[in-house]
Amino acid sequence: MKQAEARRRIILEFDVWARSEGLDHPNGTDGLRFFARMRSERPEMLAFGCRGDHWEVVHGWLLNADRVSD
């Protein structure tokens, strides 16, 4: 999967997850919990090419999309 498609799908998945967790203002720790869930339950969503750490990339996407705060 290309990064652009992965980014779109992961942000949508995060929105669903955050609502199911009742999170009004998710923070970086919540983002890390989400990432750990994705890694264990939906690893295909993280099957995109990137340089470096997938967590850093996903965390950056969530920050840039104003889904989490640090």
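Residues numbered from 1 in each chain as written. Predicted model: local features only at pLDDT ≥ 70, side-chain atom pairs only at ≥ 80, totals over all residues. Heavy atoms only, no water.

Student: What is the right way to look at the packing of aromatic side chains in this model?
Tutor: Applying the stated criterion to the full structure yields five aromatic pairs. A ring pair is formed by Phe 48 and Trp 61, whose centres lie 5.0 Å apart and whose planes are at 35°; its orientation type is tilted. One end of the pair, Phe 48, is in the loop between helix H2 (28-41) and helix H3 (54-64); the other, Trp 61, is in helix H3, and 13 residues separate them in sequence. Three or more aromatic residues joined by ring pairs form one cluster here, namely Phe 14, Trp 17 and Phe 34. (Phe/Tyr/Trp six-rings, centres within 6.5 Å; stacked < 30°, edge-to-face > 60°. Helix = DSSP H or I, 4+ residues; strand = E, 2+ residues; numbered from the N terminus.)

Student: Sorry if this is basic, but what is going on with the environment of His 54 here?
Tutor: Residue placement: His 54 occurs in helix H3. Each residue touching His 54, except ones within four places of it in the same chain, is listed here: Phe 35, Leu 46 and Phe 48. (Contact = heavy atoms within 4.5 Å.)

Student: Please clarify how the pattern of salt bridges should be interpreted in this entry.
Tutor: Opposite charge on two side chains allows them to pair when their charged atoms are near. One pass over the full model with this rule turns up eight salt bridges. Its salt-bridge partner being Glu 5, residue Arg 8 comes within 2.8 Å of it at the nearest N-O pair. Of the two residues, Arg 8 and Glu 5 both sit in helix H1 (residues 3-20), three residues apart, roughly one turn of that helix. Of the charged contacts in the structure, one is a salt bridge between Arg 37 and Glu 13, with a shortest N-O distance of 3.6 Å. Taken together, the positions of Arg 37 in helix H2 and Glu 13 in helix H1 put the pair 24 residues apart, joining distant regions of the chain. Take Glu 13: its relative accessible area is 17%, and that puts it in the buried class. Three or more residues are tied together by salt bridges with common partners; here these are Glu 13, Arg 37, Glu 41, Arg 42 and Glu 44. (Salt bridge = Lys/Arg side-chain N within 4 Å of Asp/Glu carboxyl O. Buried < 20%, exposed > 50% of the residue type's maximum accessible area, 1.4 Å probe, protein only.)

Geometric descriptors of this kind do not, in isolation, establish any biological role.
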